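Next come the chains, spelled out residue by residue.
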Amino acid sequence: MTSKADFTDEEWTRLKRAPFVAGMAISLADPGGPIELVKETAATVKSVREAADSGGRGELVDALAKEAVADTGQRKNPLHDFKPKGALAGQEILEELGEVNRIASAKATQEEAGAYRDWLKSAAQDAANAAKEGGFMGFHAERVSEGEQRMLDKLAGVLAAPG
(Lines give C-alpha, C1' and ligand atoms only; values in the text may rest on other atoms or scores of the structure.)
Protein backbone atom coordinates (compact mmCIF):
# COMPACT_ATOMS: atom_id res chain seq x y z
CA MET A 1 0.00 0.00 0.00
CA THR A 2 1.49 3.28 -1.14
CA SER A 3 0.78 6.58 0.59
CA LYS A 4 1.82 10.22 0.48
CA ALA A 5 4.58 9.43 2.97
CA ASP A 6 6.35 7.35 0.30
CA PHE A 7 6.97 10.45 -1.84
CA THR A 8 8.76 13.75 -1.41
CA ASP A 9 6.56 16.85 -1.40
CA GLU A 10 7.73 17.70 -4.93
CA GLU A 11 6.99 14.20 -6.21
CA TRP A 12 3.52 14.24 -4.64
CA THR A 13 2.77 17.62 -6.21
CA ARG A 14 3.86 16.35 -9.62
CA LEU A 15 1.77 13.18 -9.30
CA LYS A 16 -1.27 15.21 -8.19
CA ARG A 17 -1.11 17.68 -11.08
CA ALA A 18 -0.42 15.04 -13.75
CA PRO A 19 -4.06 14.43 -14.82
CA PHE A 20 -4.36 18.17 -15.47
CA VAL A 21 -1.11 18.05 -17.45
CA ALA A 22 -2.54 15.14 -19.47
CA GLY A 23 -5.64 17.21 -20.23
CA MET A 24 -3.44 20.15 -21.18
CA ALA A 25 -1.61 17.89 -23.63
CA ILE A 26 -4.86 17.34 -25.51
CA SER A 27 -5.72 21.04 -25.57
CA LEU A 28 -2.29 21.89 -26.98
CA ALA A 29 -2.36 19.04 -29.50
CA ASP A 30 -5.18 20.64 -31.46
CA PRO A 31 -5.93 24.12 -30.17
CA GLY A 32 -9.53 25.02 -30.85
CA GLY A 33 -11.38 28.04 -29.68
CA PRO A 34 -12.19 29.07 -26.14
CA ILE A 35 -15.29 26.87 -26.01
CA GLU A 36 -13.29 23.75 -26.84
CA LEU A 37 -10.67 24.68 -24.24
CA VAL A 38 -13.32 25.11 -21.55
CA LYS A 39 -14.94 21.78 -22.45
CA GLU A 40 -11.60 19.94 -22.41
CA THR A 41 -10.59 21.51 -19.10
CA ALA A 42 -13.99 20.73 -17.56
CA ALA A 43 -13.70 17.12 -18.72
CA THR A 44 -10.31 16.80 -17.04
CA VAL A 45 -11.61 18.29 -13.80
CA LYS A 46 -14.63 15.94 -13.96
CA SER A 47 -12.29 12.97 -14.41
CA VAL A 48 -10.38 13.95 -11.27
CA ARG A 49 -13.60 14.55 -9.31
CA GLU A 50 -15.00 11.17 -10.35
CA ALA A 51 -11.82 9.45 -9.19
CA ALA A 52 -12.10 11.24 -5.84
CA ASP A 53 -15.80 10.50 -5.42
CA SER A 54 -16.00 6.93 -6.64
CA GLY A 55 -12.70 5.54 -5.44
CA GLY A 56 -11.93 2.10 -6.75
CA ARG A 57 -8.75 3.06 -8.61
CA GLY A 58 -6.55 2.11 -5.70
CA GLU A 59 -5.43 3.98 -2.64
CA LEU A 60 -2.77 6.03 -4.42
CA VAL A 61 -5.14 7.43 -7.06
CA ASP A 62 -7.88 7.91 -4.48
CA ALA A 63 -5.58 9.95 -2.22
CA LEU A 64 -4.20 12.03 -5.09
CA ALA A 65 -7.65 12.72 -6.53
CA LYS A 66 -9.15 13.68 -3.17
CA GLU A 67 -6.31 16.07 -2.44
CA ALA A 68 -6.50 17.58 -5.95
CA VAL A 69 -10.23 18.16 -5.52
CA ALA A 70 -9.66 19.73 -2.09
CA ASP A 71 -6.99 22.00 -3.58
CA THR A 72 -9.23 23.15 -6.42
CA GLY A 73 -12.00 23.75 -3.89
CA GLN A 74 -9.64 26.16 -2.16
CA ARG A 75 -8.98 27.82 -5.54
CA LYS A 76 -5.44 26.46 -5.75
CA ASN A 77 -4.38 26.08 -9.37
CA PRO A 78 -3.07 22.52 -9.80
CA LEU A 79 -0.78 23.76 -12.60
CA HIS A 80 0.52 26.86 -10.82
CA ASP A 81 4.17 25.84 -11.03
CA PHE A 82 4.04 23.99 -14.36
CA LYS A 83 4.05 26.34 -17.31
CA PRO A 84 5.30 24.80 -20.55
CA LYS A 85 6.15 27.43 -23.12
CA GLY A 86 6.11 27.92 -26.84
CA ALA A 87 6.94 25.40 -29.50
CA LEU A 88 8.42 22.98 -26.96
CA ALA A 89 5.32 22.86 -24.73
CA GLY A 90 4.17 19.49 -26.08
CA GLN A 91 7.59 17.97 -25.49
CA GLU A 92 7.76 19.42 -21.96
CA ILE A 93 4.37 17.89 -21.20
CA LEU A 94 5.44 14.47 -22.48
CA GLU A 95 8.66 14.67 -20.45
CA GLU A 96 6.71 15.63 -17.31
CA LEU A 97 4.28 12.75 -17.73
CA GLY A 98 7.11 10.34 -18.45
CA GLU A 99 8.81 11.46 -15.24
CA VAL A 100 5.68 11.05 -13.09
CA ASN A 101 5.29 7.58 -14.59
CA ARG A 102 8.86 6.78 -13.50
CA ILE A 103 8.19 8.16 -10.00
CA ALA A 104 4.98 6.17 -9.57
CA SER A 105 6.55 3.02 -11.00
CA ALA A 106 9.54 3.28 -8.68
CA LYS A 107 7.67 4.03 -5.46
CA ALA A 108 4.18 2.57 -5.77
CA THR A 109 3.13 -1.04 -5.97
CA GLN A 110 2.85 -2.42 -9.48
CA GLU A 111 -0.96 -2.43 -9.25
CA GLU A 112 -1.14 1.14 -7.95
CA ALA A 113 1.30 2.42 -10.58
CA GLY A 114 -0.79 0.72 -13.26
CA ALA A 115 -3.99 2.27 -11.90
CA TYR A 116 -2.25 5.65 -11.82
CA ARG A 117 -1.16 5.34 -15.46
CA ASP A 118 -4.70 4.31 -16.43
CA TRP A 119 -6.10 7.34 -14.60
CA LEU A 120 -3.83 9.72 -16.51
CA LYS A 121 -4.71 8.13 -19.85
CA SER A 122 -8.39 8.28 -18.93
CA ALA A 123 -8.15 12.00 -18.07
CA ALA A 124 -6.52 12.67 -21.46
CA GLN A 125 -9.14 10.59 -23.30
CA ASP A 126 -11.94 12.40 -21.48
CA ALA A 127 -10.46 15.74 -22.58
CA ALA A 128 -10.16 14.50 -26.17
CA ASN A 129 -13.79 13.35 -26.19
CA ALA A 130 -15.10 16.57 -24.64
CA ALA A 131 -15.45 18.75 -27.72
CA LYS A 132 -15.84 18.16 -31.42
CA GLU A 133 -13.03 19.56 -33.52
CA GLY A 134 -13.09 21.10 -36.98
CA GLY A 135 -16.00 21.29 -39.35
CA PHE A 136 -18.28 24.24 -39.86
CA MET A 137 -20.89 25.06 -37.23
CA GLY A 138 -20.65 21.49 -35.99
CA PHE A 139 -21.10 19.83 -39.38
CA HIS A 140 -18.37 17.37 -40.38
CA ALA A 141 -16.66 17.85 -37.04
CA GLU A 142 -14.90 14.92 -35.44
CA ARG A 143 -14.95 13.85 -31.79
CA VAL A 144 -11.18 13.27 -31.59
CA SER A 145 -9.06 15.13 -34.10
CA GLU A 146 -5.96 13.71 -35.76
CA GLY A 147 -3.74 15.93 -33.60
CA GLU A 148 -5.46 14.78 -30.44
CA GLN A 149 -5.18 11.14 -31.48
CA ARG A 150 -1.46 11.58 -32.17
CA MET A 151 -1.07 13.04 -28.68
CA LEU A 152 -3.07 10.20 -27.13
CA ASP A 153 -0.74 7.77 -28.89
CA LYS A 154 2.32 9.63 -27.56
CA LEU A 155 0.85 9.65 -24.07
CA ALA A 156 0.27 5.90 -24.27
CA GLY A 157 3.98 5.58 -25.04
CA VAL A 158 5.26 7.71 -22.16
CA LEU A 159 2.69 6.18 -19.78
CA ALA A 160 3.54 2.59 -20.63
CA ALA A 161 4.57 0.23 -17.87
CA PRO A 162 8.34 0.27 -17.51
CA GLY A 163 10.50 -2.42 -18.91
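From a predicted model like this one, the values you see are computed outputs, not experimental measurements.

Draft legend 1. Region of the structure containing the overall build of the protein chain. In terms of regular secondary structure, the protein chain is built from six helices and zero strands. Taken from the N to the C terminus, the helices and strands of the protein chain come in the order α-α-α-α-α-α. In terms of overall dimensions, the protein chain is globule-like: its C-alpha atoms have a radius of gyration of 15 Å, near the 15 Å expected for 163 residues. In terms of principal-axis extent, the alpha carbons of the protein chain reach across some 50 × 35 × 30 Å. The buried share among the 163 residues of the protein chain stands at 42%. When contacts within the protein chain are restricted to residue pairs at least 6 apart in sequence, those whose partners lie at least 24 apart make up 72%. Accessible area of the protein chain: about 8,800 Å², with a carbon and sulfur share of 54%. The average position of the 21 basic charges and that of the 27 acidic charges among the side chains of the protein chain differ by 3 Å.

Draft legend 2. Here's a closer look at helix 3 (residues 59–73). With 15 residues, helix 3 should reach 21 Å at 1.5 Å per residue; the first-to-last C-alpha distance of 21 Å fits that figure. Looking at helix 3, one finds that the buried residues are Leu60, Val61, Asp62, Leu64, Ala65, Ala68 and Asp71. Residue Arg75 follows helix 3 closely and has a positive phi angle near 65°.

Draft legend 3. Quick peek at the layout of surface pockets. In this structure, the largest pocket spans a volume of roughly 280 Å³. Taken together, 16 residues make up the lining of the largest pocket; nearest its centre are Gly23, Met24, Ser27, Leu37 and Thr41. Within the residue set of the lining of the largest pocket, elements represented by two or more residues are helix 1 (9–29) and helix 2 (34–54). Here the lining of the largest pocket gets six residues from one element, more than from any other, and that element is helix 2. When the residues that make up the lining of the largest pocket are grouped by side-chain class, the tally is eight nonpolar, six polar and two charged. Considering only enclosed or pocket space, the second largest pocket measures out at about 160 Å³ in volume. Lining of the second largest pocket is provided by Thr13, Lys16, Arg17, Phe20, Ala68, Asp71, Lys76, Asn77, Pro78 and His80. The element contributing the most residues to the lining of the second largest pocket is helix 1, with four residues. Split into classes, the residues belonging to the lining of the second largest pocket amount to three nonpolar, three polar and four charged.

Draft legend 4. Up close: unusual backbone geometry. The residue Arg75 is not glycine, and still its phi comes out positive at about 65°. With respect to the secondary-structure elements, Arg75 resides in the loop between helix 3 and helix 4 (89–107).

Draft legend 5. Molecular detail of the side chain of Asp62. Position of Asp62 among the secondary structure elements: in helix 3. Buried and unpaired, Asp62 has Lys66 as its nearest opposite-charge partner, separated by 5.5 Å. Dropping the residues within four chain positions of it, Asp62 is found in contact with Ala51, Gly55, Gly56 and Arg57.

Draft legend 6. Region of interest: the packing of aromatic side chains. A complete count under the given rule lists two aromatic pairs for this structure. Between Phe7 and Trp12, the ring centres sit 5.8 Å apart and the planes meet at 45°, which makes this aromatic pair tilted. You'll find Phe7 and Trp12 in the same group, each marked buried.

The rules we used
- Residues numbered from 1 in each chain as written.
- Predicted model: local features only at pLDDT ≥ 70, side-chain atom pairs only at ≥ 80, totals over all residues.
- Heavy atoms only, no water.
- Helix = DSSP H or I, 4+ residues; strand = E, 2+ residues; numbered from the N terminus.
- Rg over C-alpha atoms; globule rule 2.2 N^0.38 Å.
- Buried < 20%, exposed > 50% of the residue type's maximum accessible area, 1.4 Å probe, protein only.
- Contact = heavy atoms within 4.5 Å.
- Areas by Shrake-Rupley, 256 points an atom, 1.4 Å probe, with all protein chains shown as cover.
- Lys, Arg positive; Asp, Glu negative; His and termini not counted.
- Charge placed at Lys NZ, Arg CZ, Asp CG, Glu CD.
- Expected span 1.5 Å × (residues − 1).
- 1 Å grid on protein atoms, 1.4 Å probe; cavity = no way out; pocket = protein on both sides within 12 Å on 5 of 7 lines; lining within 4 Å.
- Points joined across faces, edges and corners; volume = space filled by probe spheres on them.
- Nonpolar A, V, L, I, M, F, W, Y, C, P; charged D, E, K, R; others polar.
- Salt bridge = Lys/Arg side-chain N within 4 Å of Asp/Glu carboxyl O.
- Phe/Tyr/Trp six-rings, centres within 6.5 Å; stacked < 30°, edge-to-face > 60°.

Spatial relationships are all this shows, so hold off on functional conclusions.
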